[in-house]
Amino acid sequence: MKNQLILQKGTTINAGNHLISVGTFNTSDIAILSKHTGDFVQFKDIPKKNSPLNKIKLRFKNCLCCDHSLVFQWMDKDNVLDIIKILKTNK
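These numbers come from a predicted model, not from an experiment.

Undergrad: Teacher, can you tell me more about the overall build of the chain here?
TA: The helix and strand tally for the chain stands at two helices and four strands. Element order for the chain, N to C, with α for helix and β for strand: β-β-β-α-β-α. The C-alpha atoms of the chain give 12 Å as radius of gyration, which agrees with the globular expectation for 91 residues (12 Å, within 12%). Considering only C-alpha atoms, the chain reaches an extent of 35 × 25 × 25 Å along its principal axes. Looking at the chain residue by residue over its 91 residues, the buried ones come to 43%. Restricting to contacts in the chain with at least 6 residues of sequence separation, those with at least 24 account for 44%. As displayed, the chain offers around 5,900 Å² of accessible surface, 50% of which is attributable to carbon and sulfur atoms.

Here it is in structure tokens:
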């Protein structure tokens, strides 16, 4: 059972040093938050090289819906699992 993740509206998922917030109106809307501050991860705060956040930004750039932070639309469960894997393996 590879996909045991159940996306529920308004939930937060622990993903290593970050949190993934699932949308309150639609489960395909997600945002990556700082675990320490609870704020949205801003593009200006993402290191350019060898950063898991930069890897996520580049890999899912077609799903970005915000021009200054990591907020995505049209994400399915497999996309969210990929993001969690990237964040957890690159602590």
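Undergrad: Even after reading the chapter, I still don't get the packing of aromatic side chains, so can you show me in this structure?
TA: Describing an aromatic ring pair means giving the distance of the ring centres and the angle of the ring planes. Evaluated as defined, the whole model comprises one aromatic pair. The interplanar angle of 80° and the centroid separation of 6.4 Å between the aromatic rings of F60 and F72 together place this pair among those described as edge-to-face. Here the residue F60 occupies a position in the loop between α1 (52-59) and β4 (71-72), and F72 occupies one in strand β4, the gap between them amounting to 12 residues. Using a relative accessible area of 6% as the deciding quantity, one classes F60 as buried. The exposure class assigned to F72 is buried, which follows from its relative accessible area of 0%.

Undergrad: Just checking my understanding: could you explain the pattern of salt bridges for this structure?
TA: A side chain with one charge can pair with a side chain of the opposite charge if their charged atoms come near. Within this structure, the stated rule accounts for one salt bridge. In this structure, D82 engages R59 in a salt bridge whose closest nitrogen and oxygen atoms are separated by 3.2 Å. Here the residue D82 occupies a position in helix α2 (residues 77-89), and R59 occupies one in helix α1, the gap between them amounting to 23 residues.

Undergrad: Mind showing me how you'd approach the side chain of S28 here?
TA: Summarising the element assignment, S28 is placed in the loop between β2 (18-22) and β3 (30-34). Among the residues examined, S28 registers a relative accessible area of 15% and is labelled buried. Ignoring any residue separated from it by four or fewer positions in sequence, one finds S28 in contact with F72, Q73, W74 and M75.

Undergrad: I would appreciate a short explanation of the state of the cysteines in the present structure.
TA: Here a disulfide denotes a covalent bond joining the sulfur atom of one cysteine to the sulfur atom of another. Considering all chains together, one arrives at zero disulfides under this definition. C65 forms no disulfide, and the closest cysteine sulfur to it belongs to C66, at a distance of 6.4 Å.

Undergrad: How do you make sense of the environment of G23 when you look at a structure like this?
TA: For G23, the location among the structural elements is in the loop between β2 and β3. Note on G23: relative accessible area 15%, which makes it buried. Between the alpha carbons of G23 and G10 there is a distance of 5.4 Å; along the sequence they are 13 residues apart. Sequence-distant contacts of G23, that is, excluding residues within four places in its chain, are made with K9, G10 and D29.

Cut-offs used in this document
Residues numbered from 1 in each chain as written. Predicted model: local features only at pLDDT ≥ 70, side-chain atom pairs only at ≥ 80, totals over all residues. Heavy atoms only, no water. Helix = DSSP H or I, 4+ residues; strand = E, 2+ residues; numbered from the N terminus. Rg over C-alpha atoms; globule rule 2.2 N^0.38 Å. Buried < 20%, exposed > 50% of the residue type's maximum accessible area, 1.4 Å probe, protein only. Contact = heavy atoms within 4.5 Å. Areas by Shrake-Rupley, 256 points an atom, 1.4 Å probe, with all protein chains shown as cover. Phe/Tyr/Trp six-rings, centres within 6.5 Å; stacked < 30°, edge-to-face > 60°. Salt bridge = Lys/Arg side-chain N within 4 Å of Asp/Glu carboxyl O. Disulfide = S-S within 2.5 Å.

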